[in-house]
Amino acid sequence: MKYAVYQMNLIVGNPQENREKVSSWINETMEKEKPDVLVLPEMWNTGFTLAELDKLADEDNEPTQSLLQKLAKQHHVNIVGGSIANKKEGKIYNTSLVINREGAVVHRYDKIHLVPMLNEHKYLTGGTNQIETFELEGIKMGVIICYDLRFPELARKLALEGAQILHVVAEWPLIRKNHWKYLQLARAIENQMFIVSSNITGSNDTETFAGTSMIIDPWGDVIKVGSEVKEETLIATLDLDAVPKIRESVPVFSSRVPKLY
Ligand SMILES: O=C(O)CCC(=O)C(=O)O
């Protein structure tokens, strides 16, 4: 499965320009690389303009969802669409959309864990639906959003439900870059799954972001990593046979004793 990850330097507070930027990236990447799956970062429509989200957020996933559906169908490509600021019934959520090659929405997920360090509770509503796996090309996988990475229960639940790939979409700050790197490696090793992450680069008024998007194999080896500072595209082909092989060689799933913890 060939992946292309967009480590994006987004335009803070300008959803229209970000949609144009993402469309151009998809068009160019499909022409050059022809991947099976594209991955975008967290809240790429607006950036973290929390106080302005009421006027900038999408409404019921639109117009971003229709744009991603159109691009997925046109290029016959799967899109793990990062996440968008999204208004539903007057509340704003941080919503991830996954679209398959036919342009169908196969998964929606509202970020469960809001970030106290950023006062997200003042502006956003946390998701209330159970985290679940979805399938692309017959492969089970999952997506979590940024701060969710700190809660190993999510990745473990998805792994127990058969996920072989975990996508982590983020706007993770540079100041906590080591947490970003090592938590991803830990999730890959403890769950023996691929991690494919897309983080942003650049800065807003208060933060500089960490970049360092990663593609990690289920052994914990880093296949590709982005720089801290540059907008770039990470390309890698995942060998999915590695997952059952590694799960057999170090059988943590059959060694678990969940009744004791
Ligand atoms: O957990 C962190 O350090 C960063 C979290 C974050 O920035 C987010 O969830 O948007």
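Owing to the predicted nature of the structure, the values given are computational and were not obtained by experimental measurement. (Residues numbered from 1 in each chain as written. Predicted model: local features only at pLDDT ≥ 70, side-chain atom pairs only at ≥ 80, totals over all residues.)

(A) Local environment of the overall build of the chain. For the chain, the helix and strand inventory stands at eight helices and 13 strands. A globule of 261 residues ought to have a C-alpha radius of gyration of about 18 Å, and the chain, at 17 Å, matches this closely. The C-alpha extent of the chain, read off along each of the three principal axes, is 50 × 40 × 35 Å. Taking the intrachain contacts of the chain between residues at least 6 apart in sequence as the baseline, contacts between residues at least 24 apart amount to 67%. (Helix = DSSP H or I, 4+ residues; strand = E, 2+ residues; numbered from the N terminus. Rg over C-alpha atoms; globule rule 2.2 N^0.38 Å. Contact = placed C-beta atoms within 7 Å.)

(B) Representation of helix H5 (residues 152-160). Three or more residues of H5 are buried, namely Leu 154, Ala 155, Leu 158 and Ala 159. Along the axis of H5, the buried residues cluster in a sector spanning 130°; they form a single face. Elements that come into contact with the buried residues of H5 comprise strand S8 (139-145), strand S9 (165-169) and helix H6 (177-191). Looking one or two residues past H5, Gly 162 carries a phi angle of roughly 105°, positive in sign. (Buried ≥ 20, exposed ≤ 12 C-beta atoms within 10 Å, placed from the backbone. Arc of directions from axis to C-beta.)

(C) Just the site of the ligand, in detail. Near the ligand the following residues occur: Val 115, Cys 146, Tyr 147, Arg 150, Glu 171, Trp 172, Pro 173, Arg 176 and His 179. Considering only residue class, the shell around the ligand consists of five nonpolar, one polar and three charged. (Near = placed C-beta within 6 Å. Nonpolar A, V, L, I, M, F, W, Y, C, P; charged D, E, K, R; others polar.)

(D) The arrangement of the UniProt feature "domain: CN hydrolase" (unreviewed entry) in the chain in detail. As annotated in UniProt, the feature "domain: CN hydrolase" (unreviewed entry) corresponds to residues 1-240 in the numbering used here. Structurally, residues 1-240 is divided into 26% helix and 29% strand, and its ends, taken at the C-alpha atoms, are 8 Å apart. (UniProt positions renumbered as here; feature names shortened; annotations may be inferred.)

(E) Looking closely at the sheet that holds strand S12 (residues 222-225). Pairing is mixed in the open sheet, where six strands are placed in the order S7-S8-S9-S10-S11-S12. Looking along the sheet, the strands with just one partner apiece sit at the ends: strand S7 (134-136) and S12. Ignoring which end each strand starts from, the neighbouring axes of this sheet average 20° apart. Note: S8 against S9, five bridges, orientation parallel. Its bridge partner being in S9, Ile 145 is matched across the sheet by Val 169. In this fold H6 packs onto S9, strand S10 (194-198) and strand S11 (214-216), with an angle of close to 155° to the strand it touches most, S10. (Pairing = 2+ DSSP bridges. Axes fitted to C-alpha atoms, helices over the stretch in contact; angles between N-to-C directions.)

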